[in-house]
Amino acid sequence: MENMIATLTADQWSTILLVNNFQCAYCKRPFSKELLITQDHVIPLSKGGHHTAENAVPACRSCNSRKKD
């Protein structure tokens, strides 16, 4: 991961949440106190993905965990 690009900003993450209507990108359930938001990397960091706006989506913990790496 030494060549990983990490440019995702807080503002970009806020925009990503807005575009996704504050719901999980996979199961589409809305986030709440019970259903917490996690950042998921579409291409996992362990597989050469980057921490960028283009590679980040909001995911509930269940969907994010199911993907593993």
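Sequence order sets the numbering: in each chain, residues are counted from 1 along the sequence as written. Two thresholds apply to this predicted model, a pLDDT of at least 70 for residue-level local features and 80 or more for giving and counting side-chain atom pairs, whereas whole-chain, interface and lining totals are computed over all residues. The basis for every side-chain value is the complete set of heavy atoms in the structure, and neither hydrogens nor water enter the calculation.

Starting at the N terminus, helices and strands are each numbered in turn, a helix being any DSSP run of H or I of at least four residues and a strand any DSSP run of E of at least two. Counting secondary structure elements, the protein chain contains two helices and two strands. When its helices and strands are written in sequence order, the protein chain yields α-β-β-α. For a compact globule the rule gives 2.2 Å times the number of residues to the power 0.38, and the radius of gyration it is set against comes from C-alpha atoms. For the protein chain, whose C-alpha radius of gyration is 12 Å, the value lies close to the compact-globule estimate of 11 Å for 69 residues. C-alpha atoms of the protein chain, sized along the principal axes, occupy 35 × 25 × 15 Å. Method for areas: the Shrake-Rupley scheme with a 1.4 Å probe, in which residue coverage is limited to the protein chains shown. Just so you have it, the protein chain exposes about 4700 Å², and 56% of that area is on carbon and sulfur atoms. The positive charge centre, built from 8 side chains, and the negative charge centre, built from 6, are 12 Å apart in the protein chain. Residues counted as positive are Lys and Arg, residues counted as negative are Asp and Glu, and His and the chain ends are not counted. The location of each charge is read from NZ of Lys, CZ of Arg, CG of Asp or CD of Glu.

For the purposes of this section, nonpolar cores are sets of buried Ala, Val, Leu, Ile, Met, Phe, Trp, Tyr and Cys residues that join through side-chain atoms within 4.5 Å. Burial here depends on accessible area, computed with a 1.4 Å probe over protein chains only, as a share of the maximum for the residue type. Under 20% is buried, over 50% is exposed, and the range in between is partly exposed. Core analysis: the largest hydrophobic core is formed by six residues, namely Cys-24, Phe-31, Leu-35, Ala-59, Cys-60 and Cys-63. We call two residues in contact whenever any of their non-hydrogen atoms come within 4.5 Å of each other. In contact with Ala-59, not counting residues within four places along its chain, are Cys-24, Tyr-26, Phe-31, Leu-36, Ile-37, Thr-38, Asp-40 and Asn-64. Counting residues in each nonpolar core, the second largest holds five residues, with Trp-13, Ile-16, Leu-17 and Ala-56 among its members.

On to the pairing of strand S2 (residues 56–60). Buried residues dominate S2, accounting for five of its five residues. By the alternation rule, side chains of S2 split into Ala-56, Pro-58 and Cys-60 and Val-57 and Ala-59, which are all buried. At least two DSSP bridges between two strands are needed for those strands to be called paired. Of the strand pairs in this sheet, strand S1 (residues 37–41) and S2 are connected by five bridges, and their pairing is antiparallel. Bridge pairing in S2 places His-41 opposite Ala-56.

A word on the side chain of His-41. Within the secondary structure, His-41 is located in strand S1. Side-chain atoms alone can form a polar contact between residues adjacent in sequence; in general such a contact is a pair of N or O atoms within 3.5 Å, and within protein one must be able to donate a hydrogen while the other accepts it. In terms of polar contacts, His-41 uses its side chain to reach the side chain of His-51, at 2.8 Å. If sequence neighbours within four positions are ignored, His-41 has contacts with His-50, His-51, Asn-55 and Lys-67.

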